[in-house]
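# Understanding the architecture of this molecule
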Amino acid sequence: MTIQRALEELSSLLGQRLSRSKSDLEQHGASETHFPLTPPDAVAYPESTEEVSEIVKICARNGCPVVGWGAGTSLEGQAQVFQGGISVDFRNMNKVLQVNPEDMDVSVQPGITREDLNTELRATGLFFPVDPGANASIGGMASTRASGTTAVRYGTMRDNVLGLEVVLADGRVIRTGTRARKSSAGYDLTGLFVGAEGTLGLITELTLRLQGQPEAVTAAVCAFDTLDDAVQAVITTIQMGIPMARIEFVDEATAAAFNGYSGSDMPLCPHLMVEFHGSESGVQEQAEAFGEIVADHGGKGFEWATRPEDRNALWKMRHHAHWAVLASKPGAKALVTDICVPISRLADAVNETRADIDASPITGPILGHVGDGNFHAILLFDEENPEEVQAVEDLSHRMVERSLAMGGTATGEHGIGVGKRKYMEAEHGAAWDVMGDVKQALDPQGIMNPGKMLRGN
């Protein structure tokens, strides 16, 4: 019972679709942020649920760790193989299986990306609304309970996954949920696997809730003299119940990075980027109400983007923020972290975080989906400089402590992985041990994504 024996059996099953090439191993050992390169022993490329089941059975017999891979965009090391074993890449399981326009739902394989899914749905007049920025795979988005820019209106993956097909740690295949919009039948196993980060099983099919394409869409960007003015405008907007589709915040440093990377000419001050969805009259009313709030909080320089190409350029710039910030300091590494707090504490959390970063020896732009109290810091550092390495670790730690003290969470959407596992006890207390009990029941050998999220596995 060894990893080598598992690889021999997997090679017989998959042939050339079990790769041990250096380039494949390095690709699947890399992280989007600061985690070191940790290549797996091999990469498997299944093409069906049946093959995934056989892969897991082989690994279970031989005690070989199994880690799922979608697009590799996770930010807390969730998809890296830190304890040896195989990476299961779902790129060949990327099909739309069934669209049900009348019921506004769709069934897909896990390897399809959100952009490809919405391209497939375009002719139906429907779309899948969850938008984490990166062109992530749907399976990965479910596994990390992703959200993003549109969560303030359409919710997170937790709200948009109706059912799953999952391969468990012993190779059994189960289905959770139905296409019905509600159920009182038994435990919510769908909710259990959404956000489990592959520690309980591998998702092989998803049924998703869809939304109708809005009749009218308009977006805008506006500037503020101070960070606090921008955040207070967000809080007022949410408390007034204005149905924003997106409301994003970027600080002065992020605006400067946008200018250098995307060729924009944003004033060097905090900004809000917003979008409204609805009927022509509804969008106009929402925009007017938001404009009044902005004026009350000293906002200026309202620029509207009503043409699709202008809106796309605006959100492309926002989605490329990570790369823009990295480009602003060539050679730097980035610790990308996020927290989420109750909306009433958002201003305190942002202001205290900004002051904390400004007092440190490193730079760290702040931006985020502030409509639901979630914001990010991209902490730039020289990995060869011990002082800077310690500074970013301390800053990230204090962000989490600050959030928990305010009744928030260690992560609003990036997930736990290995990067934030140390905060699980502080956030969940004895409930963390209950999560471990569930893990033990479903994966007693601990082969499913070991070392992530849970205590001591």
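Reference entry: report on the structure contained in this document. (Residues numbered from 1 in each chain as written. Predicted model: local features only at pLDDT ≥ 70, side-chain atom pairs only at ≥ 80, totals over all residues. Heavy atoms only, no water.)

A word on the overall build of the protein chain. In terms of regular secondary structure, the protein chain is built from 17 helices and 18 strands. The globule rule puts the C-alpha radius of gyration for 457 residues at 23 Å, and the 22 Å found for the protein chain is close to it. Partitioning the contacts of the protein chain with sequence separation of at least 6, the portion at a separation of at least 24 is 71%. Per element, the accessible surface of the protein chain, about 18800 Å² overall, is 49% carbon and sulfur. (Helix = DSSP H or I, 4+ residues; strand = E, 2+ residues; numbered from the N terminus. Rg over C-alpha atoms; globule rule 2.2 N^0.38 Å. Contact = heavy atoms within 4.5 Å. Areas by Shrake-Rupley, 256 points an atom, 1.4 Å probe, with all protein chains shown as cover.)

This paragraph deals with a nonpolar patch on the surface. Taken together, the side chains of Tyr187, Leu189 and Leu192 define a hydrophobic patch exposed on the protein surface, amounting to about 330 Å² of accessible area. For leucine 192, the position within the fold is in helix H8 (residues 189–193). Judged by its relative accessible area of 32%, leucine 192 falls in the partly exposed class. (Patch = residues over 30% accessible without salt bridge, like charges linked within 9 Å, V, L, I, M, F, W, Y side chains within 5 Å. Salt bridge = Lys/Arg side-chain N within 4 Å of Asp/Glu carboxyl O. Buried < 20%, exposed > 50% of the residue type's maximum accessible area, 1.4 Å probe, protein only.)

All right, on to the pattern of salt bridges then. Enumeration over the complete set of coordinates arrives at 31 salt bridges. Notably, a salt bridge pairs arginine 158 with aspartate 159, separated by 3.9 Å at the nearest N-O pair. Note on arginine 158: relative accessible area 58%, which makes it exposed. Its salt-bridge partner being arginine 354, residue aspartate 251 comes within 2.5 Å of it at the nearest N-O pair. Pair noted here: aspartate 251 is in the loop between strand E13 (246–250) and helix H10 (252–262) and arginine 354 is in helix H14 (residues 346–358), with a separation of 103 residues, a long-range link. Side by side, aspartate 251 and arginine 354 carry an identical accessibility label, which is buried. When salt bridges that share partners are traced, they join Arg114, Glu115, Asp131, Arg246 and Glu275 into one network.

Time to look at the side chain of histidine 271. Topologically, histidine 271 is positioned in strand E14 (residues 271–278). A distance of 2.7 Å separates the side chain of histidine 271 from the backbone oxygen of cysteine 269, its partner in a polar contact. When sequence neighbours within four positions are dropped, the list of residues in contact with histidine 271 reads Val221, Cys222, Ala223, Glu248, Phe249, Val250, Ala255 and Met266. (Polar contact = N/O pair within 3.5 Å; in protein donor to acceptor, adjacent residues only side chain to side chain.)

Think of a sheet as strands paired side by side through backbone hydrogen bonds, with each pair either parallel or antiparallel. As summarised here, the arrangement of the five strands in space is E5-E6-E10-E8-E9, forming an open sheet in which the pairing is antiparallel. In the strand order of this sheet, the two ends are held by strand E5 (96–100) and strand E9 (173–177), each with one partner. Neighbour-to-neighbour, the strand axes of the sheet open up by a mean angle of 15 degrees, direction not taken into account. Where strand E8 (residues 161–168) meets strand E10 (residues 201–209), seven bridges bridge the pair, whose relative direction is antiparallel. When the bridges of E10 are listed, glycine 163 appears paired with threonine 207. (Pairing = 2+ DSSP bridges. Axes fitted to C-alpha atoms, helices over the stretch in contact; angles between N-to-C directions.)

All right, on to H14 then. The end-to-end C-alpha distance of H14, which contains 13 residues, comes to 18 Å, matching closely the 18 Å that a straight helix rising 1.5 Å per residue would cover. Along H14, the residues that are buried comprise Leu346, Ala347, Ala349, Val350, Thr353, Arg354, Asp356 and Ile357. The inward-facing, buried residues of H14 contact helix H9 (227–239), strand E17 (366–368), strand E18 (374–381) and helix H15 (386–405). (Expected span 1.5 Å × (residues − 1).)

As a further point, take the nonpolar core. Judged by nonpolar contacts, the single largest core of 45 residues is most densely connected at Leu272, Phe276, Phe290, Leu346, Phe375 and Leu379. At six residues, H9 tops the list of elements feeding residues into this core. Residue contacts for phenylalanine 290: discarding those within four places in its chain leaves Cys222, Thr237, Ile242, Met244, Ile247, Leu272, Val274, Phe276 and Phe302. One finds Leu126, Ile203, Leu208 and Leu210 within the second-largest nonpolar core, a separate group that totals 26 residues. (Core = buried A, V, L, I, M, F, W, Y, C linked by side-chain atoms within 4.5 Å.)

Turning next to the pairing of E8. Along any regular strand the residues' side chains alternate between the sheet's two faces. Of all eight residues making up E8, eight are buried, and the element is well covered by its neighbours. Linking E8 to E9, which pair antiparallel, is a turn of four residues; within it glycine 171 sits at a positive phi near 95 degrees.

On to the packing of H14 against H15. Where H14 meets H15, the axes come as close as 11 Å, and the angle between the chain directions of the two elements is 160 degrees. Accordingly, the angle class assigned to the pair H14 and H15 is roughly antiparallel. Pair H14 / H15 crosses with right-handed handedness. Facing H14, whose interface residues are Ala349, Glu352, Thr353, Asp356 and Ile357, H15 presents Leu395, Arg398, Met399 and Arg402. Looking at the contact of H14 with H15 residue by residue, the classes come out as four nonpolar, one polar and four charged. (Parallel < 35°, antiparallel > 145°, perpendicular 65-115°, else oblique. Left-handed = near helix turned anticlockwise from the far one by under 90°. Nonpolar A, V, L, I, M, F, W, Y, C, P; charged D, E, K, R; others polar.)

Next up on the list: the packing of helix H1 (residues 3–14) against helix H3 (residues 49–62). For the pair H1 and H3, interaxial distance at closest approach is 8 Å and the crossing angle is 155 degrees. Taken as axis vectors, H1 and H3 run roughly antiparallel relative to one another. Read as a crossing pair, H1 and H3 show a hand that is right-handed. In this structure, H1 uses Ile3, Arg5, Ala6, Glu9, Leu10, Leu13 and Leu14 to contact H3, whose residues at the interface are Glu51, Glu54, Ile55, Ile58, Cys59, Arg61 and Asn62. In the contact of H1 with H3, the residues fall into eight nonpolar, one polar and five charged.

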